[in-house]
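Architecture and fold: a report
What follows is each chain in one-letter form.
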Amino acid sequence: MSDLFRNLYKFWCSLIVLLLLTGCQTTPARLQSIPQHNAPVALCGTGEMMMQTTLWLSAVPEQEWQLFLRDELMPRFGDTLTSYDAAGKGEARRVVVLLYPPDVDFSAVIERTRDRYRARFNARTTTRIDTLVCAAVR
């Protein structure tokens, strides 16, 4: 009879230890994304915080570019616009730089303009780079 109690005692002790150790397991931590409203903040010594958007566009013939510049870009972006020709990966490009106060609606206008460029010139890709900058415009 004592062997039976000893075996039951070992069984119950083992079961209790097993249950206690099972409670020690932890689930892996989930990665948390940074909320959109926690964007980096620029501290400007001079000037004010602005957005600078640079668009890399595939080059098109000069006359077609001038029409797009006149009809699409200048009416929407006017004084905020600078453009120049560049080369990258062995191909010609048009670069457009826009400087403006951070604004979601203005950003959406830029995106729609990119879409019009892609559709009008059958461009496979247009690259957009947004940067928070300090600008002193005089």
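Here's what I pulled together on the structure shown here. (Residues numbered from 1 in each chain as written. Predicted model: local features only at pLDDT ≥ 70, side-chain atom pairs only at ≥ 80, totals over all residues. Heavy atoms only, no water.)

So, the packing of aromatic side chains
Tallying each qualifying case throughout the model produces seven aromatic pairs. For the ring pair W65 and Y117, a centre distance of 6.5 Å and an interplane angle of 75° mean the geometry is edge-to-face. Placement of W65 in helix α2 (residues 62–77) and of Y117 in helix α3 (residues 104–121) is noted, with a sequence separation of 52 residues between them. You'll find W65 and Y117 in the same group, each marked buried. Ring centres of F68 and F121 lie 5.7 Å apart, and the angle between their planes is 65°; this geometry places the pair in the edge-to-face category. Here F68 is found in helix α2, whereas its partner F121 is found in helix α3, with 53 residues between them in sequence. Look at F121 and you get buried, because its relative accessible area is 14%. (Phe/Tyr/Trp six-rings, centres within 6.5 Å; stacked < 30°, edge-to-face > 60°. Helix = DSSP H or I, 4+ residues; strand = E, 2+ residues; numbered from the N terminus. Buried < 20%, exposed > 50% of the residue type's maximum accessible area, 1.4 Å probe, protein only.)

Structural notes on α2
Look at α2: only 20 Å from first C-alpha to last across 16 residues, short of the 22 Å you get at 1.5 Å a residue. At L69, α2 shows its largest kink, close to 40°. Along α2, the positions that sit buried rather than exposed are W65, F68, L69, E72, L73 and F77. (Expected span 1.5 Å × (residues − 1). Bend = angle between axes of the 7 residues up to and from the residue.)

Comments concerning the side chain of R94
Mapped onto the elements, R94 comes out in strand β3 (residues 91–100). Assessed through its relative accessible area of 5%, R94 is described here as buried. At 3.0 Å, the side chain of R94 and the backbone oxygen of V60 are in polar contact. R94 has contacts with L55, W56, L57, S58, A59, V60, P61, E62, W65, Y84 and D85, leaving out every residue within four places of it along the chain. (Polar contact = N/O pair within 3.5 Å; in protein donor to acceptor, adjacent residues only side chain to side chain. Contact = heavy atoms within 4.5 Å.)

Re the pattern of salt bridges
Under the definition given, this model contains nine salt bridges. Ionic pairing is found between E72 and R76, a salt bridge with its closest N-O pair at 3.0 Å. With E72 and R76 both in helix α2 and four residues apart, this pair spans about one turn of that helix. The exposure class of E72 is buried, given its relative accessible area of 14%. (Salt bridge = Lys/Arg side-chain N within 4 Å of Asp/Glu carboxyl O.)

Some points on the side chain of E72
Here R116 takes part through its side chain, which lies 2.7 Å from a polar atom of the side chain of E72. Look past the residues within four positions of E72 in its chain and what remains in contact with it is L67, R116 and R120.

Brief notes about α3
The end-to-end C-alpha distance of α3 is 26 Å, a good match for the 26 Å that 18 residues give at a rise of 1.5 Å each. What α3 keeps buried is the set F106, I110, T113, R114, Y117 and F121. Down the axis of α3, the buried side of the element spans an arc of 105°, and every buried residue falls inside it. Residues of α3 that are exposed and angled more than 90 degrees away from the buried face: V104, D105 and A119. Of the surrounding secondary structure, the elements contacted by the buried residues of α3 are β1 (48–58), α2, β3 and β4 (127–135). (Arc of directions from axis to C-beta.)

So, the sheet that holds β4
Here we have four strands laid out as an open sheet, ordered β2-β3-β1-β4, and antiparallel in their pairing. A single partner strand is all that each edge strand has here, and the edge strands are β2 (81–88) and β4. On average, each strand axis in the sheet is inclined to that of its neighbour by 25°, with strand direction left out of account. The strands touched by α2 are β1, β2 and β3; relative to β2, the strand with the most contacts, the crossing angle is about 145°. (Pairing = 2+ DSSP bridges. Axes fitted to C-alpha atoms, helices over the stretch in contact; angles between N-to-C directions.)

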